[in-house]
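Residue strings, one per chain:
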Amino acid sequence: MQEKKKTTEKLPTVPMRGTVAFPHMMMHFDVARNMSVRAVEEALLHDRKIFLTAQKDVFDERPEQKDLYQIGVVAEIKQTLTQDDVTRILVEGCYRAKVKKIEKEGQMLVAEVRRLPDNSREDTDEVEMKALMRAVKDIYERYAGMFPRMPREIMISVLCQETPVGLYEEIVFNTMFDFKDKQLLLEENFLSRRMNLLYQILTKETMVLETEKEIHDQTQENIDQGQREYFLREQLKVIADQLREETGEEPLDDADSYAERIRALNLPEESEEKLLKEANRLRQMPPSSQEAYVISSYLDTCLELPWNTLTEENLNLPSVQKKLDADHYGLQKVKERILESLAVRVLNPELKGQILCLVGPPGVGKSSIGRSIADAVSRKFVRVSLGGVRDEADIRGHRKTYIGAMPGRMISALSQAGSRNPLILLDELDKMGNDYKGDPSAAMLEVLDPEQNHAFRDHYIELPFDLSQVLFIATANTLDTIPAPLQDRMEIIELSSYTREEKFQIAKRHLVAKQLERHGLKPVQCRIDDDVLYEMIDSYTRESGVRNLERTIGTICRKAAKAVAAGEKKRVHVRMKEIQEYLGIPKFLPDPQSKQNTVGLVNGLAWTSVGGVLMPLEALILEGKGSIEITGSLGSVMQESAKLAISYARSVAKEYEIPVDFYQNKDLHIHAPEGAVPKDGPSAGVTMATALISALSGIPVRADVAMTGEITLHGRVMPIGGLREKSMAAYKAGIKTVIIPEGNKADLEEVDDIVKENITFMPVQNLSEVLEIALDKPEKKRKSGSSKEKKKKNTAAASARIS
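Here is a short report on the structure shown in this document.

Cut-offs applied
- Residues numbered from 1 in each chain as written.
- Predicted model: local features only at pLDDT ≥ 70, side-chain atom pairs only at ≥ 80, totals over all residues.
- Heavy atoms only, no water.
- Pairing = 2+ DSSP bridges.
- Helix = DSSP H or I, 4+ residues; strand = E, 2+ residues; numbered from the N terminus.
- Axes fitted to C-alpha atoms, helices over the stretch in contact; angles between N-to-C directions.
- Expected span 1.5 Å × (residues − 1).
- Buried < 20%, exposed > 50% of the residue type's maximum accessible area, 1.4 Å probe, protein only.
- Salt bridge = Lys/Arg side-chain N within 4 Å of Asp/Glu carboxyl O.
- Patch = residues over 30% accessible without salt bridge, like charges linked within 9 Å, V, L, I, M, F, W, Y side chains within 5 Å.
- Areas by Shrake-Rupley, 256 points an atom, 1.4 Å probe, with all protein chains shown as cover.
- Contact = heavy atoms within 4.5 Å.

With that settled, the discussion passes to the sheet that holds strand β12 (residues 471-476). Read across the open sheet, the five strands follow the order β8-β9-β12-β7-β13; overall the sheet is parallel. Strands at the two margins of the open sheet, each flanked by one partner only, are β8 (381-385) and β13 (491-494). Taking each pair of neighbouring strands and ignoring which way they run, the sheet shows an average axis angle of 20°. Sheet topology note: the β8/strand β9 (residues 423-427) ladder contains five bridges and is parallel. Among the inter-strand pairings, V382 is bridged to a residue of β9, identified as I424.

So, about helix α10 (residues 290-304). Between the first and last C-alpha of α10 there are 21 Å, a value that for 15 residues agrees with the 21 Å anticipated at 1.5 Å per step. When we look at burial in α10, the residues that qualify are A292, I295, S296, Y298, L299, T301, C302 and L303.

Next up on the list: the pattern of salt bridges. For the structure on display, the rule yields 34 salt bridges. In this structure, R38 engages E41 in a salt bridge whose closest nitrogen and oxygen atoms are separated by 2.7 Å. One end of the pair is R38 and the other is E41, both in helix α2 (residues 34-45) and three residues apart, which spans about a single turn. Taking the relative accessible area as the measure of exposure, E41 reaches 37% and is therefore partly exposed.

A word on unusual backbone geometry. Despite not being glycine, N266 has its phi angle at roughly 55°, a positive value. Note on N266: relative accessible area 61%, which makes it exposed. For S378, which is not glycine, the phi torsion reads 60° and is therefore positive. Looking at the element boundaries, S378 is found in the loop between α13 (366-377) and β8.

A grouping of L315, V346 and L347 is seen on the molecular surface, where their side chains present a nonpolar patch of about 300 Å² in accessible area. The class for L315 is partly exposed, based on a relative accessible area of 33%.

Within the fold, E278 resides in helix α9 (residues 269-283). Among the residues examined, E278 registers a relative accessible area of 4% and is labelled buried. When neighbours within four sequence positions are excluded, E278 is seen to be in contact with I295, Y298, L299 and K400.

Following this line, the structure appears as structure tokens:
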């Protein structure tokens, strides 16, 4: 009880609205509410001490304890003045205090408060406090410079303070902060934290003032610009009148100037008449009117178009071939199609522009080949990005009567190119959408139709423009989202993902040199071995293109640049044994494969969007009741292939000494690792049949053989897709023999030469040929069959072997 008397006291309380008092601060304010007037009168009757605390809501007329901040200031009333029912008092803050309890006694509030310790002494080291003082002075100087009508005497007084307490009090007592920010300052106990908080508040307020000034200056500038334009126009009129008086000549006005430029273009009669009509309308309008501005913009846009400007093409086929080969490795289909087009133009100069569509996965060079083609044939190049376009007006333009109207992307591209026969790259054609504003893909039908685009009409220019000389090259990742009528107007060229060898050649010829130049390295300063590039392709990237491969090479170049710049090394030679120092542990493991002849384990081949992979299939025979288990996230088509394989195994059971009733007393389990990766497609049919017959007969499968092909119920092997990528996966895995369908023999022309040099391809027509090649049968188990059939198989195998 005795301790409480020493540390707490009861004082009349005045709730402050939008104002915060501080210790040592002299301030005056008006008191009008009855409870506040009674509190002041009570204080004057005793020791003139009063407790001041801020209200949380300034509009609350009858605040209670929950509506008041718990920390305030005990102040001493120095002077009072009452006039017209309003009492003005002058107080001086004495010390901070925390509320224990607030009660209403009569008509006033009385607070039981506990005095808080004074922690104004420096609670941090001298160097840090000096840094805080400098930072606060700097930001306050900026704040004072932005604050309107800031008295210069206050700013000088603040900047001359030499103690942190003096600096803090001088700023807080004389600056108009929000009362909530001031309450935070009051509640903070330690001086260093108060200074930090004060710095944050000043920074926030300065940013607000700077933003306000920018808005004000921009508004004023717009107003001044309008007045300036008006005065300049008036001065131009006066100057024109003076020139006419002195020279006696009639100067051309804007309308006459437009008319001369229109006639100089030698446009078709319809177009020339339309533009001259707009020029005559301009002559009849005040120059400062909004309609005159619209017509002037329209005429400027039309006159800037390359109506009669053509770029001379480079029709030297060897030169074009050399340029395309230097810029891009591979992409033979695209290069051959461009060279064929140029060859036709040599023989028939009247050939209209071509419309090609390159379809393929990301990163295979669809967009970059467009620029290379333009450079090779000496045409201007313009890229039009169609990704996310949902408004038909983006293609055809807006009617010029609308505010902010502009031509569509096709006309804008021609204006940008400055030529009537540029190469326009329509990038991401498959990413266009549609909504209530129209379907942009429908507008593209006229643009890409050679029979219509010789008179393409944009909604803005409203004149026919000839697009037939333009070489359009569109790019897309898929044809699924491109409408069939639009596909019908383009020549589709499908680009597959790069093979391992193509990625290596691209990296060696282009990417390494590009990244060395980008990172400021010379070829002698950084060298990357070939086997390191192969390892980056196999173990650090898995993609259809080469973008991630380029980033991986850039990672090595950055580390090399750091070593050279720091003087650690003069030259960096990246060898295979050091690759993990630069790139860390490998991100991708090699494809799983069978390393030795195994019963029921076959090396299959699969196609993915990032290239071919080796996909082993496993079959296991268990005692049971004839159930069939298929695992490995297999799709419906692969499950059907498994059923076909089982039926075929039953049909040839006697030939391979398989119990004919195995489907009744044996359980079959077929699995395709990796289990978490979804798989589907018919090309695993031969693989499943071979694995199943191997497991049932106990004959192992050769580990150096991989296979792909679809099967029928009678054992015929049907053609498949993706042979180029699948064969590269087999080569990478060290496979020596690949069994392919007879119908895919023609596709071997597209297989890389290095693959054909190292792999023997065995075209087959039926499963019996597959089993003859793949199964490692002991001599005593080999079935001779009829002499006629044996002779036929031997002849087919001998004639079909391709190395």
